[in-house]
Amino acid sequence: MLTLLSMFYYICLRRRSRSGTRGEALNSRRAVESGQRAVLPVSVEVEQYAKEVLDFSSHYGSENSMSYTMWNLAGVPNVYPSSGDFTQTAVFRTYGKWWEQCASAPLPFRRTPEGFNSQDYIELGFEEPVYPTAVEVFETYYPGAIVQILACSHNPFSQNPATDVRWEVLWSGEPTKVLTPHARQFSPKIKHINFPTNLLRLEVNSSLLDYYTELDAVILRGVKERTMLALYKIPHIDISDLSDSEEELCDAGGPFTHQRTGNGYFDKLPYELIQLILSHLTLPDLCRLAQTCKLLHQHCCDPLQYTQLSLQPYWARLNDASLGHLQSRCTLLQRLNLSWTGNRGAFTLTGFSSFLKACGQSLVCLELSCCHFLNEARLEVISQACPGLQELNLSSCDRLHPQAFTHISKLTHLRRLVLYRTKIEQTAILSILTFCVELRHLNLGSCVRIDDYDVVASMLAARCRSLCSLDLWRCRNLTDRGLNELVSGCRMLEELDLGWCPTLQSSTGCFQQLARSLPRLRKLFLTANRTVCDSDIEELAAWCPSLQHLDILGTRLVGAASLKKLLQACPKLLLLDISFCSQIDMRVVQELSSLFPNVFIKKSFTQ
């Protein structure tokens, strides 16, 4: 394979050399190496903080407040240079590998490029378009999550519709684990681009961090006029320009010097073995290899290579033409990830509908997180073209009209449904629960338009008795009555997120009833419920031996004795968050950590 690719590269160089282009390229390279550049008058550097938060994939905070929300990234720093856990910062929803280890986590997609590390993002608009010279990010707690910074050619404040939108990577790196959780000013060396921008995108990966990363502000530095002409560009080699003339092949030497009678050793390999080899290539490499010869084109276009397809890593370059190019290859497609794609007019209704109608018949998993091109018509297409769909992720599709969600009820085989940060309303979710009785995983986190979660809980208990995980993060009106019905009817629950649900009160006995009813429980979030007490913890210790993740951040009524009893009774416990628990100081944390070294006990701080 390496010999074949080397051959094509050699032919390219010969072709460029004959046309004189390679000589131009060498001269350009010499010009670059010698530092030759044309200097224009020096422009004054502009420094500006983010004017507006335009889009983001998740946040820890609520849709109805400013605490821990992405909107805190607009404007000047609120916290920096202080370090610690502050509500005035921007915080993403997850950290570490805890969420990936849960039963509700989707299976990873094959062929995801090694260089694609992004898990979350935020897009920021600035007042004036500039040619960037520096980007500075104020990280105030557990830094190291930023893995990519991009700039966009589109002005988000322009009244004209987005056309020919172009994204350029200013900086890219690996996720890191900084030795100290303290504040820092992150300013990587960025690439110079040839267009002005006032739209930046930060992409993050928090998987190596021990706790939530917190961002305080972003500065964009740049000049309004370019200070120098662009360096000469070295012509890129386009594989479509290759000539397969005998003269070039013979001049290249090697096994291709003799007359070709076939495909060499490839003719001797079993079809299945070649397919297995190609299954390790990324999607762009597969498309490039398809252009080398007829045999490899046949292999690279085989629908069996496209039973799983993740287009999320290529979100910035996809459009209708991309889907059209892949359409004939994806007739056996089973799992499709379009998260982050299609925005700013990249996908039209016609292009998206044509692709799904051709490729959706066998689809069982569809990831559409942060796809703002979705509307009611497109959801209707999904419901019609994908009758066997079992997993649907609409996380942070917050621009979908509430009426659009009624089409989901037609997908009666759904087993996993993610509606985090959507505008779904009570009528639609009740309709979905009426018809989608096979649900195993349901995420309604931050769905603020649902009027009565007690009714939803009652419907879940009646219709979805095999439910395995339920996320009700920041639901504002679930009471003990609804929770008691839920745990009585859905006794198979392994994960339950009740974080920031202020209407639940321990005095009603609802948490003790929860512990007695859910013996399979592995993950429980009671975040920011200040009424959780020692008796609740003791009930969990007695009835939930499989518990692995417990978050009781913010409670004032839990002491060291009940926590020790829990740690002794739950040998599988991996994560215990007791941040802002007033009865638990750092001395107790250190003592418990020494007794139970396999448990990550989290205790955040403010400086």
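Scroll up to find the structure this text is about.
As the structure is a computational prediction, the values presented were derived from the model and not from experiment. (Residues numbered from 1 in each chain as written. Predicted model: local features only at pLDDT ≥ 70, side-chain atom pairs only at ≥ 80, totals over all residues. Heavy atoms only, no water.)

> Any chance you could explain the sheet that holds strand S16 (residues 469-471) here in plain terms?
Sheets are built from strands paired through backbone hydrogen bonds, the pairs being either parallel or antiparallel. Ordered in space as S10-S11-S12-S13-S14-S15-S16-S17-S18-S19-S20-S21, the 12 strands form an open sheet in which the pairing is parallel. In this open sheet, the two strands that pair with only one neighbour each are strand S10 (308-310) and strand S21 (600-602). The sheet shows a mean angle of 5 degrees between the axes of neighbouring strands, taken without regard to direction. (Pairing = 2+ DSSP bridges. Helix = DSSP H or I, 4+ residues; strand = E, 2+ residues; numbered from the N terminus. Axes fitted to C-alpha atoms, helices over the stretch in contact; angles between N-to-C directions.)

> Explanation requested: the pattern of salt bridges in the structure shown.
For side chains of opposite charge, pairing can occur when their charged atoms come near one another. All told, the structure shown has 25 salt bridges when counted by the stated rule. Here Asp210 ties to Lys177 by a salt bridge, and the two come within 3.4 Å at their closest N and O atoms. In this pair, Asp210 sits in the loop between strand S8 (197-204) and strand S9 (214-223) while Lys177 sits in the loop between strand S6 (167-172) and strand S7 (184-186), placing the two residues 33 residues apart along the sequence. Overall, the relative accessible area of 27% leaves Asp210 in the partly exposed class. The salt bridge involving Glu367 is made with Arg416; its shortest N-O contact spans 2.9 Å. Residue Glu367 is located in strand S12 (residues 365-367), and its partner Arg416 is located in strand S14 (residues 416-418); the two are separated by 49 residues in the primary sequence. The pair formed by Glu367 and Arg416 is uniform in burial state, with each residue classed as buried. (Salt bridge = Lys/Arg side-chain N within 4 Å of Asp/Glu carboxyl O. Buried < 20%, exposed > 50% of the residue type's maximum accessible area, 1.4 Å probe, protein only.)

> Explain the side chain of His407 to me, please; I cannot follow it from the model alone.
One can find His407 in the loop between strand S13 (391-393) and S14. Taking the relative accessible area as the measure of exposure, His407 reaches 9% and is therefore buried. Of note is the side chain of His407, whose polar atom sits 2.9 Å from the side chain of Lys410. Excluding anything up to four places from it in sequence, His407 contacts Glu376, Leu379, Glu380 and Ser383. (Polar contact = N/O pair within 3.5 Å; in protein donor to acceptor, adjacent residues only side chain to side chain. Contact = heavy atoms within 4.5 Å.)

> Would you mind showing me how to read the environment of Val135 here?
Examined against the element boundaries, Val135 turns out to sit in strand S4 (residues 120-141). The class for Val135 is buried, based on a relative accessible area of 0%. Spatially, the C-alpha atom of Val135 lies 9.6 Å from that of Glu47, the residues being 88 residues apart in sequence.

> How should the layout of surface pockets be read in this particular structure?
A water-sized probe rolled over the atoms picks out the places where empty space is left. A volume near 1400 Å³ is recorded for the largest pocket. When residues of the lining of the largest pocket are traced back to their parent elements, those giving at least two are S14, strand S15 (441-443), S16 and strand S17 (495-497). Taken together, the residues that form the lining of the largest pocket break down as 17 nonpolar, 20 polar and 10 charged. (1 Å grid on protein atoms, 1.4 Å probe; cavity = no way out; pocket = protein on both sides within 12 Å on 5 of 7 lines; lining within 4 Å. Points joined across faces, edges and corners; volume = space filled by probe spheres on them. Nonpolar A, V, L, I, M, F, W, Y, C, P; charged D, E, K, R; others polar.)

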